[in-house]
Amino acid sequence: MDRFIPKSKSKLLYQSHTQSNYNDLLYHINEEKVLNFGNQKQQHNYPISFLDQLHNQYRLPTQQTIRQISQVPEKILDAPDIADDFYLNILEWGNNNVLSVGLQNKVYLWNASNQHIEQLLQATSNVTAVHWINDHILGVGFDDASIKIVDVCSQQTITQLYYHNERVSTMSSSFELLSTSGRDNVIFNHDLREKNNNVVGVIQKHTQEVCGLKWNQSGTTLSSGANDNQLLLWDKRQMSLRLSCEGHCAAVKAMAWCPWFPNILVSGGGSNDKNIKFWNSDTGLCFKSIDTGSQVCALQFLPRYRELISSHGFSKFQISIWNAEVIQQAKLIQELQAHKSRVLHLGISPDQSMLCSAAGDETLIFWRLGTEQNNQDKQEMCSSKNLFLR
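Note that the coordinates shown come from a computational prediction; the quantities given were computed from them, not determined experimentally.

### Some remarks on the UniProt feature "repeat: WD" (unreviewed entry) in the protein
Link 1 in the chain: Mapped onto the present numbering, the UniProt feature "repeat: WD" (unreviewed entry) falls at residues 203–235 and 336–377.
Link 2 in the chain: Helix makes up 0% of residues 203–235 and strand 58%, with an end-to-end C-alpha separation of 11 Å.

### Some thoughts on the pairing of strand β22 (residues 285–291)
Link 1 in the chain: For strand β21 (residues 275–280) and β22, the ladder comprises six bridges, and the chain directions are antiparallel. The residue of β22 that forms the bridge with Asn275 is Asp291.
Link 2 in the chain: Linking β21 to β22, which pair antiparallel, is a turn of four residues; within it Gly284 sits at a positive phi near 80°.

### Some thoughts on the packing of aromatic side chains
Link 1 in the chain: Tallied over the entire structure, the rule returns eight aromatic pairs.
Link 2 in the chain: Seen from their ring centres, Trp93 and Trp110 are 6.0 Å apart, and the 75° between their planes marks the pair as edge-to-face. Of the two residues, Trp93 is situated in strand β3 (residues 91–93) and Trp110 in strand β5 (residues 106–111); the sequence distance between them amounts to 17 residues.
Link 3 in the chain: Aromatic side chains Phe278 and Phe287 sit 6.2 Å apart centroid to centroid with 50° between the ring planes, which places their arrangement in the tilted category.
Link 4 in the chain: In this structure Phe278 comes out as buried when scored by relative accessible area, which is 1%.
Link 5 in the chain: The exposure class of Phe287 is partly exposed, given its relative accessible area of 31%.
Link 6 in the chain: Three or more aromatic residues joined by ring pairs form one cluster here, namely Trp93, Trp110 and Phe366.
Link 7 in the chain: Over the aromatic face of Phe86 sits the side chain of Lys253, whose NZ or CZ is 5.5 Å from the ring centroid.

### Structural notes on the pairing of strand β23 (residues 296–302)
Link 1 in the chain: The buried fraction of β23 amounts to six of the seven residues, a majority that puts the element mostly inside the structure.
Link 2 in the chain: Pairing analysis gives six bridges linking β23 to strand β24 (residues 307–312), with the strands arranged antiparallel. When the bridges of β24 are listed, Leu302 appears paired with Glu307.
Link 3 in the chain: Between β23 and β24, which pair antiparallel one after the other, the connecting turn spans four residues, and Arg306 there sits at a positive phi close to 50°.

### A closer look at the confidence of the model for the protein
Link 1 in the chain: Model confidence for the protein is summarised by a mean pLDDT of 84, while 78% of its residues fall at 70 or above.
Link 2 in the chain: Counting contacts from residues 5–55, a segment whose pLDDT is below 50, to residues more than four positions away or on other chains yields 44 contacts.
Link 3 in the chain: Contacts of residues 375–390 to residues separated by more than four positions or lying in other chains number 34 contacts, the stretch itself having pLDDT below 50.

### Observations concerning the environment of Gln204
Link 1 in the chain: For Gln204, the location among the structural elements is in strand β14 (residues 199–204).
Link 2 in the chain: Owing to a relative accessible area of 64%, Gln204 belongs among the exposed residues under this scheme.
Link 3 in the chain: The sequence separation of Gln204 and Asp184 amounts to 20 residues, and the corresponding C-alpha distance is 9.5 Å.

Rules and cut-offs
Residues numbered from 1 in each chain as written. Predicted model: local features only at pLDDT ≥ 70, side-chain atom pairs only at ≥ 80, totals over all residues. Heavy atoms only, no water. UniProt positions renumbered as here; feature names shortened; annotations may be inferred. Helix = DSSP H or I, 4+ residues; strand = E, 2+ residues; numbered from the N terminus. Pairing = 2+ DSSP bridges. Phe/Tyr/Trp six-rings, centres within 6.5 Å; stacked < 30°, edge-to-face > 60°. Buried < 20%, exposed > 50% of the residue type's maximum accessible area, 1.4 Å probe, protein only. Lys NZ or Arg CZ within 6 Å of the ring centre and 35° of its normal. pLDDT = per-residue confidence, 0-100. Contact = heavy atoms within 4.5 Å.

Right under this line is the structure:
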């Protein structure tokens, strides 16, 4: 098992565990057969509407019907003392192909392009939330109620925010706006263009710890979930409550906006609920609910294959893959099981070829979701010397 712990103050042990060359060769041979199978469809030069273009952007790959994710992890990293706390959000895979992880009072960065691990910071308080604001700016929340906005390129703190009264459990950003919340039940909206007195909105509606925040793709609606079992939708223009999505009977932490149906929000309930619910964010209507049989800890969409990925608690500690091409008919297609404790966090690589799961068993497990999509510009940006170029 690889070690996600420091060898010294600046270095961490790392050894790769990969599948055999035979399995890799077999995977690529099968992939070539799939891609070359059948006759090529005749192309027609019909006019394409805007909606057709949007649909084509998230078109399902032809190999979807026979794609199978390996049950053997691609890699395992040891994450000692990772918090086994359902309400925290201490792992996020950024668009810069760098995974950020909070372990006790430290934040580590794992560069997926060159396998390099480095310690970004060490604080006096434990890390309770991490969030990539952009490719070189990371937000870090702490259990002393403070927030640091860190430039990972220089490893310097740009600013610190002291508006919360208790620990910061969750963060989400949209363009210049950063939303934060936690155990004090209050949502603060910060305009990051202002270093001082940057609060532009304060939302007080939840009655218990807010553990989930997520802006939609267009940045018009913020969804919030909390330990009071409420799932609320907020309008950005007026900073006001737009809809209350009622139906969960446990804490709502897991949530994800559907990329190919932008008005659809998916949420997951805690141990007394166990349901994944699909919502029309225009009406607040729940049009589908799936009883998963266990606590829903995290949700992520996989647009490349039009799938939904969920992670769960007792008793199987599984990761579930759902076919969501026709989202009203979403159905389970595969389960991955390797963790020995509830799978609290999920992260997907920017090219959607890898999934990282983190659990209370103190491991980070990496799963191969598909083939890598090489992007020379992205690889250059994420090289060892140019990790966070703007």
